[in-house]
Amino acid sequence: MNIKNTILNHSLPEVYGSIKVPKTGSFYKKLWAFTGPGLMVAVGYMDPGNWATDIAGGSKFGYTLLSVILISNLFAMLLQHLSLKLGIATGRDLAQACRYAYSKPVAIALWVLCEIAIAACDLAEVIGSAIAINLLFGLPLTVGVVITVLDVLVLLYFQGKGFRALECIVAGLIFMIFCCFGYEIFVSQPSVNEILGGILPKPQIIINPEMLYVAIGILGATVMPHNLYLHSSIVQTRNFEKNSEGKRSAIFFATIDSNLSLSLAFFINAAILIISAATFHNTGNQNVADINDAYHLLDPVLGVKFAGIFFAVALLASGQNSTLTGTLAGQIVMEGFLNLRLKPWLRRLITRLIAVIPALIVTIIYGEKGTGDLLVLSQVILSLQLSFAVVPLIVFTSDKTQMGEFVNSKLMKICAWIVAIIIIALNGYLLWDTIF
């Protein structure tokens, strides 16, 4: 179905076009107006689910998988560019585009898959936050899981203050994570030569099945399917001119915002793996794959105080940040696919409970070991759902009837489909390996 002329409700109508973009002014003034959505998207690339895969990769294989984090980040930059371009050029988010382009059964199937991905992502955030609360304050994991339900109230309060306020909270938490890992890098004193060597891809990543499995986990934990829906929506909070020149300028500045923010996410993901490699791999602790173990070993192995505390603080900030953007993505997906508008507090409460209930059951029955396994499972689920968001995104942005002059160039189409094929192939291998 051609959706170019279909009348749609605005995505996130309560904040649509709420942030003014200056028509004149300096480059930096315009860039500042578009700064924010990229940071909110980047949060999904540094959530607690990434920590488990990065820690495992660093402790077991040293710096080798740094190249996988870099490649995953480049994939993310390309896909997020397509996502923001779809939102700006068509005035609709990815979920809305799917609803009007596909038959109802297909759209509902895509919605269910997306909800599973959001639940898996939220599960990682709930568990990560609960672990951080346990490490910092000694509260049981079950209590930490229950406390995370209160995040819904925090999100509603700050969104009531305006979308900029929400972006500022996210930026503040990212700055906190950045500072914590800056300290960790300083005290762990990693080898610069080994870091540079790790950035170059090595054939053993593909040849070694165990390394490949962790590499696919890193890919699944890095490129988040719900972020593609999120970005296509929140770029529309900017009140730019809806003509050709205004859209072109918006895509330009939004892409800069996105790439700079994702570069920051790359630093944080790489820092986790580098710290794990420098602290554990080179000291004989090569089986550290658990956040709890990493926390307890940091201080004694490095011989300094506060390394574990800063690690836990960064984990808590990461979990809280991901919660804000994850529940927002849940609202976008439900409204976009189903055209169903629930009250924001109800929608976010439903999203959170879907994640809290299984996390609570697992923590009660299995304790710490169970939450670690659940964290890894959540990333496998995310990895498997990714193709179902990536393929429609590429199809829509390559369709001239929908994108007009902003349709993907031939080179962009080739690059995007290469990325999609790699993602599908790796996820197919992961599924085969998991089942058989």
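Residues numbered from 1 in each chain as written. Predicted model: local features only at pLDDT ≥ 70, side-chain atom pairs only at ≥ 80, totals over all residues. Heavy atoms only, no water.

Trainee: What's the story with the overall build of the protein in this structure? I'm lost.
Mentor: The helix and strand inventory of the protein stands at 20 helices and two strands. Considering the protein as a whole, with its 436 residues, one finds that 57% of them fall into the buried category. (Helix = DSSP H or I, 4+ residues; strand = E, 2+ residues; numbered from the N terminus. Buried < 20%, exposed > 50% of the residue type's maximum accessible area, 1.4 Å probe, protein only.)

Trainee: Help me out: how do you make sense of the packing of helix 5 (residues 94–101) against helix 16 (residues 307–338) in this one?
Mentor: When two helices pack together, you describe them by how their axes are tilted relative to each other and by the distance separating the axes. One way to put it is that helix 5 packs onto helix 16 with a least axis distance of 7 Å and a crossing angle of 20°. Considering the angle they form, helix 5 stands roughly parallel to helix 16. Crossing of helix 5 against helix 16: the hand is right-handed. Together, Ala95, Gln96, Cys98 and Arg99 of helix 5 and Ile332, Val333, Glu335, Gly336, Phe337 and Leu338 of helix 16 make up the contact between the two elements. (Axes fitted to C-alpha atoms, helices over the stretch in contact; angles between N-to-C directions. Parallel < 35°, antiparallel > 145°, perpendicular 65-115°, else oblique. Left-handed = near helix turned anticlockwise from the far one by under 90°. Contact = heavy atoms within 4.5 Å.)

Trainee: Is there a simple way to explain helix 1 (residues 27–34) in this structure?
Mentor: Side chains that are three or four residues apart share a direction in an α-helix, a result of its 3.6 residues per turn. What helix 1 keeps buried is the set Leu31, Ala33 and Phe34. One side of helix 1 carries all its buried residues, which in axial view fall inside an arc of 155°. Facing away from the buried side of helix 1 by more than 90 degrees, the exposed set consists of Tyr28 and Trp32. In this fold, the buried residues of helix 1 make contact with strand 1 (19–20), helix 2 (37–42), helix 9 (163–188), strand 2 (238–239) and helix 14 (244–279). Once helix 1 ends, the next one or two residues include Gly36, with phi positive near 145°. (Arc of directions from axis to C-beta.)

Trainee: Teacher, can you tell me more about the environment of Phe252 here?
Mentor: Note that Phe252 resides in helix 14. Between the C-alpha atoms of Phe252 and Leu31, which are 221 residues apart in sequence, the distance is 9.2 Å.

Trainee: I keep staring at unusual backbone geometry and nothing clicks. Help me out?
Mentor: Most of the time, phi is negative for any residue but glycine, and the peptide bond is trans. The backbone of Gln189 shows a phi angle near 45°, a positive value even though the residue is not glycine. The topology assignment puts Gln189 in the loop between helix 9 and helix 10 (192–199). Taking relative accessible area as the criterion, Gln189 reaches 68% and is therefore assigned exposed.

Trainee: Please clarify how the pattern of salt bridges should be interpreted in this entry.
Mentor: Where charged atoms from two side chains of opposite charge come close, those side chains can pair. Applying the stated criterion across every chain, the model contains five salt bridges. A salt bridge links Lys23 to Glu241; its shortest N-O distance comes to 3.2 Å. Residue Lys23 is located in the loop between strand 1 and helix 1, and its partner Glu241 is located in the loop between strand 2 and helix 14; the two are separated by 218 residues in the primary sequence. Assessed through its relative accessible area of 66%, Lys23 is described here as exposed. Overall, the relative accessible area of 38% leaves Glu241 in the partly exposed class. (Salt bridge = Lys/Arg side-chain N within 4 Å of Asp/Glu carboxyl O.)

Trainee: How should the nonpolar core be read in this particular structure?
Mentor: Considering soluble globular proteins, one finds that nonpolar side chains tend to be buried as a cluster. Counting residues in hydrophobic clusters, the biggest one holds 103 residues, and the most contacted among them are Phe181, Ile234 and Phe337. If near-sequence neighbours (up to four positions away) are discounted, Phe337 is found in contact with Ala95, Cys98, Arg99, Ala107, Leu110, Trp111, Cys114 and Tyr229. In this structure, Ile69, Ala215, Ala270 and Ala277 belong to the second largest nonpolar core, which totals 18 residues. (Core = buried A, V, L, I, M, F, W, Y, C linked by side-chain atoms within 4.5 Å.)

Trainee: Just to check I follow, could you spell out a nonpolar patch on the surface for this structure?
Mentor: A cluster of nonpolar side chains, namely Ile108, Val112, Ile116, Leu338 and Leu340, defines an oily patch on the protein surface of about 340 Å² accessible area. If you trace the backbone, Ile108 turns up in helix 6 (residues 104–137). Among the residues examined, Ile108 registers a relative accessible area of 35% and is labelled partly exposed. (Patch = residues over 30% accessible without salt bridge, like charges linked within 9 Å, V, L, I, M, F, W, Y side chains within 5 Å. Areas by Shrake-Rupley, 256 points an atom, 1.4 Å probe, with all protein chains shown as cover.)

Trainee: What am I meant to see in the packing of aromatic side chains here?
Mentor: When we look at a pair of aromatic rings, we describe it by the centre distance and by the angle of the planes. Throughout the structure, instances matching the rule amount to 10 aromatic pairs. Between Phe178 and Phe267, the aromatic rings sit 4.9 Å apart at their centres with planes inclined by 40°, giving tilted as the arrangement. Of the two residues, Phe178 sits in helix 9 while Phe267 sits in helix 14, which places them 89 residues apart along the sequence. Here Phe178 falls in the partly exposed class, since its relative accessible area comes to 32%. Given the relative accessible area of 30%, Phe267 is considered partly exposed. Ring geometry for Phe252 and Phe253: centres 5.1 Å apart, planes at 75°, overall edge-to-face. Exposure remark for Phe252: the relative accessible area of 46% places this residue in the partly exposed category. Counting every residue linked through ring pairs, the aromatic cluster contains Phe27, Tyr28, Phe34, Phe240, Phe252 and Phe253. Sitting over the ring of Trp32, Arg164 keeps its end group 5.2 Å from the ring centre. When the ring centre of Phe240 is taken as reference, the NZ or CZ atom of Lys242 above it lies at 4.3 Å. (Phe/Tyr/Trp six-rings, centres within 6.5 Å; stacked < 30°, edge-to-face > 60°. Lys NZ or Arg CZ within 6 Å of the ring centre and 35° of its normal.)

Trainee: Explanation requested: the environment of Pro392 in the structure shown.
Mentor: Structurally, Pro392 can be placed in helix 18 (residues 387–397). Residue Pro392 is classed as buried on the basis of its relative accessible area of 6%. As a C-alpha pair, Pro392 and Leu94 span 298 residues in sequence and 8.2 Å in three-dimensional space.

Trainee: In this structure, what is going on with the state of the cysteines? I would like to understand it.
Mentor: Should the sulfur atoms of two cysteines be covalently bonded, the bond is a disulfide. Summed over all chains, the structure comprises zero disulfides. Lacking any disulfide linkage, Cys180 is separated from the closest cysteine sulfur, that of Cys179, by 7.0 Å. (Disulfide = S-S within 2.5 Å.)

Trainee: Is there a simple way to think about the packing of helix 13 (residues 225–234) against helix 18 in this case?
Mentor: Contact geometry of helix 13 with helix 18 gives a least axis separation of 7 Å together with a crossing angle of 40°. The angle between helix 13 and helix 18 falls in the class oblique. Considering the relative orientation of helix 13 and helix 18, their crossing is left-handed. Touching Pro225, Leu228 and Tyr229 of helix 13 are Phe388, Ala389, Val390 and Leu393, all from helix 18. Tallied by class, the residues present in the contact of helix 13 with helix 18 amount to seven nonpolar, no polar and no charged. (Nonpolar A, V, L, I, M, F, W, Y, C, P; charged D, E, K, R; others polar.)

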